[in-house]
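As a plain string of letters, each chain reads:
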Amino acid sequence: MKVIVAVTGASGAAYAQRLLQVLSQHEQVREIAFTMSEQGRMLFAHELGVNLSLKDPDLSMLGVSMDKIVAFHPKDLAAPPSSGSARYDGMVIVPCSTNTLAKVAHGLADDLIARSAHVMLKERRKLILVTRETPLSLITLRNMLAAAEAGAIIVDANPGFYHHPKTVQDLVDFIVQRICDHLGISVELVPRWELPEKPWVRKA
C-alpha cells in the first residue's frame, strides 16, 4: 500500500507519531508520503518537544523508520499526492484541525494537504480525518457531515475504555488501531471488544 499521512494543528501529536511508527514498520505498507502544516510542525514541538523541518523532516526523532518515508513541503502542489495518477491507496489527516476539516468539506485546495484530500475524494479512495475538538460547534458538525457525505471517514480521537487502558499509550493505540482498521491494515495494538462474561453465571 501507498499511504499519505498529513499532520495539522489540532492537539494530538502522539496519534500522528504512533501511526507513523506503526505504518513504517508494517509489511502491508511500502510507501508513506508525509507532509505537515506549519501548525502541525509547531504541534510536534509543543507536545513532543521535537523540532522538525517542513522541507526535510527527520522523523527518526519521533522513533519512526525513514525507510518508507517520502516527505513533501505543504506548499509543494507539484508533489505526487496532488495527482490521482500517483495512485495512493489512502490518506490520513492526523490530527485534523477544524480549519483543515472546513477546507475538505468545501473543496478548497490551497496547500498539499487540502489538495491531496480532494484527490482522495475525487478518486473515491480512503480519506480518514482524525478530528480532535470539543465541544463541537454547529459549523464543525455541518463540516463533518459535508465531508462524510463526500466520502471521508471521520475517526474522532475519542478512545474507548473497554480494553481497560493503563497508560496514555493504551489510549493512543486504541485510536491508531481504529485508523489502521479503516485503512485496511491489520494490527493488534490493544485488545478488541469481546462479549464480557455474564457476572451472574458461575464457572463450574
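Thresholds, definitions, all that
- Residues numbered from 1 in each chain as written.
- Predicted model: local features only at pLDDT ≥ 70, side-chain atom pairs only at ≥ 80, totals over all residues.
- Heavy atoms only, no water.
- Helix = DSSP H or I, 4+ residues; strand = E, 2+ residues; numbered from the N terminus.
- Buried < 20%, exposed > 50% of the residue type's maximum accessible area, 1.4 Å probe, protein only.
- Arc of directions from axis to C-beta.
- Contact = heavy atoms within 4.5 Å.
- Axes fitted to C-alpha atoms, helices over the stretch in contact; angles between N-to-C directions.
- Parallel < 35°, antiparallel > 145°, perpendicular 65-115°, else oblique.
- Left-handed = near helix turned anticlockwise from the far one by under 90°.
- Nonpolar A, V, L, I, M, F, W, Y, C, P; charged D, E, K, R; others polar.
- Expected span 1.5 Å × (residues − 1).
- Pairing = 2+ DSSP bridges.

1. What to know about unusual backbone geometry
Backbone torsion omega between Val94 and Pro95 reads -10 degrees, so that peptide bond is classified as cis. Tracing the backbone through its elements, the reader meets Pro95 in strand 4 (residues 90–96). Within the chain, Arg124 stands out as a residue other than glycine whose phi angle is a positive 60 degrees. With respect to the helices and strands, the residue Arg124 is situated in the loop between helix 4 (112–122) and strand 5 (126–131). Of the residues examined, Arg124 reaches a relative accessible area of 71% and is grouped as exposed.

2. A few points about helix 2 (residues 38–48)
Looking only at helix 2, the buried set comprises Gly40, Leu43 and Phe44. For helix 2, the angular spread of buried residues about the axis comes to 95 degrees, placing them on one side. Where the residues of helix 2 are buried, they touch strand 1 (2–7), helix 1 (13–25), strand 2 (31–36) and strand 4. The first or second residue beyond helix 2 is Gly49, which carries a positive phi of 70 degrees.

3. Remarks on the packing of helix 3 (residues 98–106) against helix 5 (residues 138–150)
Viewed as axis vectors pointing N to C, helix 3 and helix 5 meet at an angle of 45 degrees, and their least axial separation amounts to 8 Å. The orientation of helix 3 with respect to helix 5, classified from their angle, is oblique. In this structure, the crossing between helix 3 and helix 5 has a hand that is left-handed. Within the contact between the two elements, helix 3 uses Thr98, Leu101, Ala102, Val104, Ala105 and His106 and helix 5 uses Thr140, Asn143, Met144, Ala146 and Ala147. Counted by class, the contact of helix 3 with helix 5 contains seven nonpolar, four polar and no charged residues.

4. Side note on the side chain of His26
Position of His26 among the secondary structure elements: in the loop between helix 1 and strand 2. Overall, the relative accessible area of 12% leaves His26 in the buried class.

5. Some words on helix 1
A rise of 1.5 Å per residue sets the reference length of helix 1, with its 13 residues, at 18 Å; its end C-alpha atoms lie 19 Å apart and thus fit the reference within 8%. Turning to helix 1, its buried residues are Ala13, Tyr15, Ala16, Leu19, Leu20, Gln21, Val22, Leu23 and Ser24.

6. Regarding the sheet that holds strand 3 (residues 69–71)
Two strands in a sheet stick together by hydrogen bonds in their backbones, pointing the same way (parallel) or opposite ways (antiparallel). With respect to topology, six strands assemble into an open sheet ordered 3-2-1-4-5-6, the strand pairing being parallel. The sheet is open, and its two borders are formed by strand 3 and strand 6 (153–154), each paired with just one other strand. Strand direction decides the pairing type here: strand 2 and strand 3, joined by three bridges, are parallel. The residue bridging Ile32 from the neighbouring strand is Ile69, located in strand 3. Packed on one face of the sheet, helix 3 meets strand 4 and strand 5 and runs near 145 degrees to strand 4.

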